[in-house]
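# Observations on the three-dimensional arrangement
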Amino acid sequence: KKTPLIAPSLLAANFLEIGKDVDMINNSVADWLHLDVMDGRFVPNISFGLPVISAVTKVSKKVNDMHLMIEEPEKYAEAFAKAGADYLTVHIEACRHLHRNIQQIKSLGMKAGVALNPHTSVSQLENIIADLDLVLIMSVNPGFGGQHFIDQTYIKLRQVRDLIRRTGSNALIEVDGGITTQNAALVVEAGADVLVAGSSVFASHDPLATIRELRQPVTV
Ligand code: DX5
Ligand code: ZN
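Given the structure is predicted, the values throughout are model-derived calculations rather than measurements.

Definitions and limits used
- Residues numbered from 1 in each chain as written.
- Chains lettered and ligands numbered in written order.
- Predicted model: local features only at pLDDT ≥ 70, side-chain atom pairs only at ≥ 80, totals over all residues.
- Buried ≥ 20, exposed ≤ 12 C-beta atoms within 10 Å, placed from the backbone.
- Helix = DSSP H or I, 4+ residues; strand = E, 2+ residues; numbered from the N terminus.
- Arc of directions from axis to C-beta.
- Contact = placed C-beta atoms within 7 Å.
- UniProt positions renumbered as here; feature names shortened; annotations may be inferred.
- pLDDT = per-residue confidence, 0-100.
- Near = placed C-beta within 6 Å.
- Nonpolar A, V, L, I, M, F, W, Y, C, P; charged D, E, K, R; others polar.
- Pairing = 2+ DSSP bridges.
- Axes fitted to C-alpha atoms, helices over the stretch in contact; angles between N-to-C directions.

## Overview of helix α8 (residues 207-214)
Buried within α8 are the following residues: P207, T210, I211 and L214. Projected down its long axis, α8 shows its buried positions confined to an angular sector of 100°, all on one face. Tucked into the core, α8 has its buried residues touching β1 (5-8), α1 (18-26), α6 (184-189), β8 (194-197) and α7 (199-202).

Pasting the structure below:
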């Protein structure tokens, strides 16, 4: 049996009362807190930035998992370290010098992750997987919460799992987009270690129960 780590995404929170939603996550069995940063360039949406994130990490009791959907993430890695990032994930499609960027993130004391858009092939990780702490597989096109899970993701998850096993990498596999209590077990079965969940948690009438349900052990 494998129990996935759950990372509620604050993107789906009530921004007028973020503190309440962070408290809810603190009081839940969630393992991580997922923070989505969008620049309006890499993705067609803008979310929130460093001042908001710093305020959140001051009160967060969870592992702070930052997902950068931005161009030139290397320009901001140090700022995100100062803002309390435990994991910093950059998009492979936004990095011309991914190896350098990963070393930079680690040298700043953070765990390093790489995210793949739905169209990006897992084979692109071949020469960087040994250096990674996390691989984030996007199961929707990044930019918005509340989208439908893309079924091709199951195949990609098996491919990443095989790559990690073959190379002896320690990287965790995180899945982001359209995760619900309906598909969570299938996603874990296909290889996921960490489940990001935005709307399924925050649209629930009982978010604490939904987080518990997402975190059910799965036979793998
Ligand atoms: C989408 C973000 C996700 C988003 C997921 O670009 O990376 O983290 O918050 O939201 P749901 O769970 O609603 O698909
Ligand atoms: Zn995300």
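Next comes the rest of the write-up.
## Notes on the UniProt feature "binding site: a divalent metal cation" (unreviewed entry) in the protein
Sites flagged by UniProt as "binding site: a divalent metal cation" (unreviewed entry) map to H34, D36, H67 and D176. Sequence-wise these annotated residues cover 143 residues; spatially they are packed, their C-alpha atoms never more than 10.5 Å apart. Discounting residues that sit within four places of it in the chain, D36 has contacts with S9, L11, S47, H67 and M69. The residue H67 is located in strand β3 (residues 63-69) in this model.

## Some points on the UniProt feature "binding site: substrate" (unreviewed entry) in the protein
UniProt's entry tags S9, H67, G143, F144, G145, G146, D176, G177, G178, G198 and S199 with the feature "binding site: substrate" (unreviewed entry), counted in the numbering of this structure. Mapping D176 onto the fold places it in strand β7 (residues 172-176). Once residues lying within four places of it in the same chain are set aside, the contact partners of D176 are H67, L136, M138, S139 and V196. Counting through the fold element by element, G198 comes out in the loop between β8 and α7.

## Side note on the confidence of the model for the protein
Per-chain confidence: the protein averages 98 in pLDDT, with 100% of residues scoring 70 or above. Overall fold confidence (pTM) sits at 0.98, and the ipTM for the predicted complex is 0.99.

## With respect to the site of ligand 1
Taken together, 22 residues are adjacent to ligand 1, and S9, P142, G145, G198 and S199 come closest. Those elements that place two or more of their residues in the shell around ligand 1 are β2 (32-38), β8 and α7. Grouping the constituent residues of the shell around ligand 1 by class yields eight nonpolar, twelve polar and two charged.

## What to know about the sheet that holds strand β4 (residues 87-91)
Strand order in the open sheet made by the eight strands is β1-β8-β7-β6-β5-β4-β3-β2, with parallel pairing throughout. The open sheet has two edge strands with one neighbour each: β1 and β2. Across the sheet, the mean angle separating the axes of adjacent strands is 25° when strand polarity is ignored. As paired elements, strand β5 (residues 111-116) and strand β6 (residues 134-138) share four bridges and run parallel to each other. In the strand pairing of β6, A115 is matched with L136.

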